[in-house]
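Coordinate inspection notes
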Amino acid sequence: MLPLLLLRTDELPYKPSALDGVALFNVFIGPKELPIDLPAENGEGWLIQTFTSLERLVPLPTPSRSSIRPFPIRWSLSETEGPQWTDAGDLFDQVTFVELDDCIDLFYDRYSQHRFTKVGGWPSFTQDSFGIHSDFFVFQIGSEEKPRWMWGDNGNGYFYFKEGKWFLYWDCY
């Protein structure tokens, strides 16, 4: 498997409760193809390893066969991020709100979606959530040019923690 993301949780401006007790995690992806039976449970074409402490961890070199380039992330907190329109029903009285002529414009003036790699917030689906509930969303890995990683055709990978297990769902254009 190829290393896709290495993340120290003490560098995050926001830490979802699913990462409580996690000091570092690694995400690996299968070297030849993405999982297609979705959502895929941890170990089914991808893998997440979590560590409760940084003690005794030793840096390893990036495998030479990997086409994914190491690229550091500078995390920042978004004050305006919100759900997509299809996931926003719990935020307001949608029946009254949708009666406004400019309801969609008002919604997108208030909330923005971050389409790239992020931790916490709401998933930024490329297609539709297909029943994946955002309550369990922890982080997403976007298609990113600099590290040379892409989910299908410019999609995202969404990582969920539910009932003590990690799951991956991904979509693309």
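Residues numbered from 1 in each chain as written. Predicted model: local features only at pLDDT ≥ 70, side-chain atom pairs only at ≥ 80, totals over all residues. Heavy atoms only, no water.

1. Let's talk about the overall build of the chain
Along its length, the chain carries 2 helices and 8 strands. A compact globule built from 173 residues should have a C-alpha radius of gyration of about 16 Å, and the chain, at 17 Å, falls within 12% of that. When the backbone C-alpha atoms are referred to their principal axes, the chain occupies close to 55 × 30 × 30 Å. Here the chain holds 173 residues, and 39% of them are scored as buried. Looking at the chain as shown, the accessible area adds up to about 10800 Å², and 52% of this sits on carbon and sulfur atoms. Both charge centroids of the chain, one from 14 positive and one from 25 negative side chains, sit 14 Å from each other. (Helix = DSSP H or I, 4+ residues; strand = E, 2+ residues; numbered from the N terminus. Rg over C-alpha atoms; globule rule 2.2 N^0.38 Å. Buried < 20%, exposed > 50% of the residue type's maximum accessible area, 1.4 Å probe, protein only. Areas by Shrake-Rupley, 256 points an atom, 1.4 Å probe, with all protein chains shown as cover. Lys, Arg positive; Asp, Glu negative; His and termini not counted. Charge placed at Lys NZ, Arg CZ, Asp CG, Glu CD.)

2. Some words on the sheet that holds strand 5 (residues 118–119)
Pairing is antiparallel in the open sheet, where 5 strands are placed in the order 3-8-7-6-5. At either end of the open sheet lies a strand with only one pairing partner, and these are strand 3 (40–41) and strand 5. Summarising the sheet, strand 3 and strand 8 (residues 165–171) pair through 2 bridges and their orientation is antiparallel. Following the sheet pairing, A40 is matched in strand 8 by L168. (Pairing = 2+ DSSP bridges.)

3. Points about the sheet that holds strand 4 (residues 46–51)
Spatially, 1-2-4 is the arrangement adopted by the 3 strands of the open sheet, whose pairing is antiparallel. The open sheet has two edge strands, strand 1 (2–8) and strand 4, and neither has a second partner. Strand-to-strand, the axes of this sheet are offset by a mean angle of 15 degrees, without reference to chain direction. Pairing between strand 1 and strand 2 (residues 24–29): 6 bridges, direction antiparallel. Residue pairing for strand 2: P3 is matched across the bridge by F28. (Axes fitted to C-alpha atoms, helices over the stretch in contact; angles between N-to-C directions.)

4. A look at a negative patch on the surface
Taken together, the side chains of D101, D102, D105 and D109 define an acidic patch exposed on the protein surface. Residue D109 is classed as exposed on the basis of its relative accessible area, which comes to 67%. (Patch = residues over 30% accessible without salt bridge, like charges linked within 9 Å, V, L, I, M, F, W, Y side chains within 5 Å. Salt bridge = Lys/Arg side-chain N within 4 Å of Asp/Glu carboxyl O.)

5. Thoughts on the confidence of the model for the chain
For the chain, the mean per-residue pLDDT works out to 88, and 93% of the residues sit at or above 70. Across the chain, strand 4 holds the top mean pLDDT of 97, while helix 1 (residues 94–97) sits lowest at 66. (pLDDT = per-residue confidence, 0-100.)

6. Quick notes on the environment of F116
Following the sequence through the fold, F116 ends up in the loop between helix 2 (103–110) and strand 5. Spatially, the C-alpha atom of F116 lies 26 Å from that of L54, the residues being 62 residues apart in sequence. Leave out the neighbours within four places in its chain, and F116 touches Q140, G142, S143 and E144. (Contact = heavy atoms within 4.5 Å.)

7. Observations regarding the environment of T9
Note that T9 resides in the loop between strand 1 and strand 2. Residue class for T9 comes out buried when judged on its relative accessible area of 5%. For T9 and F25, which are 16 residues apart along the polypeptide, the C-alpha to C-alpha distance reads 8.0 Å. The residues touching T9, leaving out its near neighbours within four places in the chain, are K15, L19, V22, A23 and F25. At 2.5 Å, the side chain of T9 and the backbone oxygen of V22 are in polar contact. (Polar contact = N/O pair within 3.5 Å; in protein donor to acceptor, adjacent residues only side chain to side chain.)

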